[in-house]
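The chain contents come next:
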Amino acid sequence: MSGTDPAGHAAPEGYDPGDYPPFAVTVDLAIFTVRDGALKVLLIARSADPYAGAWALPGGFVDIDEDIADAAWRELAEETGLTRTDWHLEQLRTYGTPGRDPRMRVVSVAHVAFAPDLPDPQAGSDARNARWWDVDDLNLPGLRGGNHDSDVDDAPALAFDHARVLADAFDRVAAKIEYTSLATAFCPPTFTLGELQHVYEAVWGVRLDRSNFRRWVQQTTGLVRPAQTDEVRPPQGRGRPAALFEARTEGVRTLHPPLLRPEHARTLRADEKR
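In this report, the structure presented in the accompanying data block is examined.

What counts, and at which threshold
What you see as residue numbers is a count from 1 along each chain, following the sequence as written. Where totals are concerned, whole chains, interfaces and linings use all residues; where local detail is concerned, this predicted model gives features only for residues with pLDDT of at least 70, and gives and counts side-chain atom pairs only at 80 or more. To obtain the side-chain values, all non-hydrogen atoms of the structure were used and water was disregarded. Secondary structure follows DSSP: runs of H or I at least 4 residues long count as helices, runs of E at least 2 residues long count as strands, and numbering of each begins at the N terminus. Think of it in three bands: with a 1.4 Å probe and only protein chains considered, a residue is buried below 20% of the maximum accessible area for its type, exposed above 50%, and partly exposed in between. Contacts are assigned to residue pairs that have any heavy atoms within 4.5 Å of one another. Axis angles are defined between N-to-C directions and span 0 to 180 degrees, where every axis is a line fitted to C-alpha atoms and, for a helix, only to the segment in contact. Each crossing gets its hand from how the near helix is turned against the far one by less than a right angle, where anticlockwise is left-handed and clockwise is right-handed. The criterion is simple. A nonpolar core is a set of buried Ala, Val, Leu, Ile, Met, Phe, Trp, Tyr and Cys residues joined through side-chain atoms within 4.5 Å. By this rule, a helix spans an expected 1.5 Å times one less than how many residues it contains. In the analysis that follows, any N or O atom pair within 3.5 Å is treated as a polar contact, provided that within protein one partner can donate a hydrogen and the other can accept it, and provided that, for residues neighboring in sequence, both atoms belong to side chains.

## Quick look at the overall build of the chain
Step number 1: When its secondary structure is counted, the chain shows four helices and 13 strands.
Step number 2: Reported as C-alpha extents along the three principal axes, the dimensions of the chain are approximately 75 × 50 × 35 Å.
Step number 3: The buried share among the 274 residues of the chain stands at 46%.
Step number 4: Partitioning the intrachain contacts of the chain with sequence separation of at least 6 by distance along the chain shows that 69% fall at a separation of at least 24.

Right under this line is the structure:
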C-alpha cells in the first residue's frame, strides 16, 4: 500500500514493496474469566485449514488499513459473538518464529484480556465451535502447580504455537495480580472481599487463609475502598451480610505491599519464562 503517513511523509520515489518477501500480521487473544469457581480461557475450534477442527485462541489477520487493537476486537466478535465492554486488554508480546504458520511468514501480536463472569460465546463464521475451557484441562508448556504437575489426560492439542502463547498469557495474569490492582478486573463493579479472594484462588489454583487475606487487603494501598452504597451481600447460610467494596481507582495501580503467590500456586517454570 502506498500513500503518505499521518505526518504527510511519502514513500521514496521508486520504492517497491514487492522487492521484499511478503509476510502477514495477525492478532491472537487469550481471554480469561472466572466462572463456576475456576479460571477459564476462551478457545475456538478452527473451521478451516491449517489445523481445521483444532482448538485455538481467537484471532486472525490484520487488515491492511486496520489498527492492531481494532483487529483484535473485530476477530473476537466474528469468531465468538462476544463484543467489547469494560474489559481490560493489554498486549502480551509478539510471536514471530519462522515456520509457526505453514501458510506463510506470519508475525502475531498476542493480547491478554479479562473481565468478570463473561457469557457463553457463540461460534461465528470463522469457527466451528467456541467455548470456555478450564485452565486445568489444558496442557500448557512449563506450567506447574495447581493440577499441572503432570500432563492432563485427553487435553486438546492447540493449533499453531497457541499452547506457548497461552502459557505466557497465564503467567502475565498470575504475576500482575501479585503486584497490581488487576484482580479487581475479574470482579463486578461492587464485590465482597470473599469474592475478591476467590479471584486470587481461581487464578493461582490454591486456597488462601481468609484472615490473612483480609489483613493484607486492609494494609494494602491502591486496591479497594468501601463501595458508595448502603447495599450489602446477603449471607449464604448463617452469618452476617457482607459489606461491598469497589476498585479504588480506574486503571492499573501498583500495590504496596504485594501479595506474593504461595510456593504451591500455579506458575511458569523459570526456564520457560521469556
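## Observations regarding the packing of helix α2 (residues 162–179) against helix α3 (residues 193–204)
Step number 1: For the pair α2 and α3, interaxial distance at closest approach is 10 Å and the crossing angle is 145°. Remark: the crossing between α2 and α3 carries left-handed chirality. Every residue of α3 that contacts α2 at Phe170, Val173, Ala174, Ile177 and Glu178 is listed here: Tyr200, Val203 and Trp204.

## Overview of the nonpolar core
Step number 1: Core analysis: the biggest nonpolar cluster contains 52 residues, and Phe32, Leu166, Phe186, Leu196, Tyr200, Val203 and Trp204 have the highest contact counts within it.
Step number 2: Top contributing element to this core by residue count: α2, with eight residues.
Step number 3: Those residues within four positions of Tyr200 in sequence are excluded, and the remaining contacts are Ile177, Ala183, Gly205, Leu208, Phe213, Trp216, Leu223, Leu255 and Leu259.
Step number 4: One finds Ile31, Val62, Ala115 and Leu118 within the second-largest nonpolar core, a separate group that totals 15 residues.

## Let's talk about helix α1 (residues 68–80)
Side chains of residues three or four places apart in an α-helix project in the same direction, reflecting 3.6 residues per turn.
Step number 1: Look at α1: 18 Å from first C-alpha to last across 13 residues, which is about the 18 Å you get at 1.5 Å a residue.
Step number 2: Among the residues making up α1, those that are buried are Ala71, Ala72, Trp73, Glu75, Leu76, Glu79 and Thr80.
Step number 3: Looking at the buried side of α1, the elements it contacts are β1 (24–35), β2 (38–46), β4 (59–61), β5 (88–95), β6 (106–114) and β7 (127–134).
Step number 4: Where α1 begins, one side-chain oxygen reaches toward the backbone nitrogen of Ala69, 3.0 Å away; that side chain belongs to Asp67.
Step number 5: Immediately downstream of α1, the backbone of Gly81 shows phi near 80°, a positive value.

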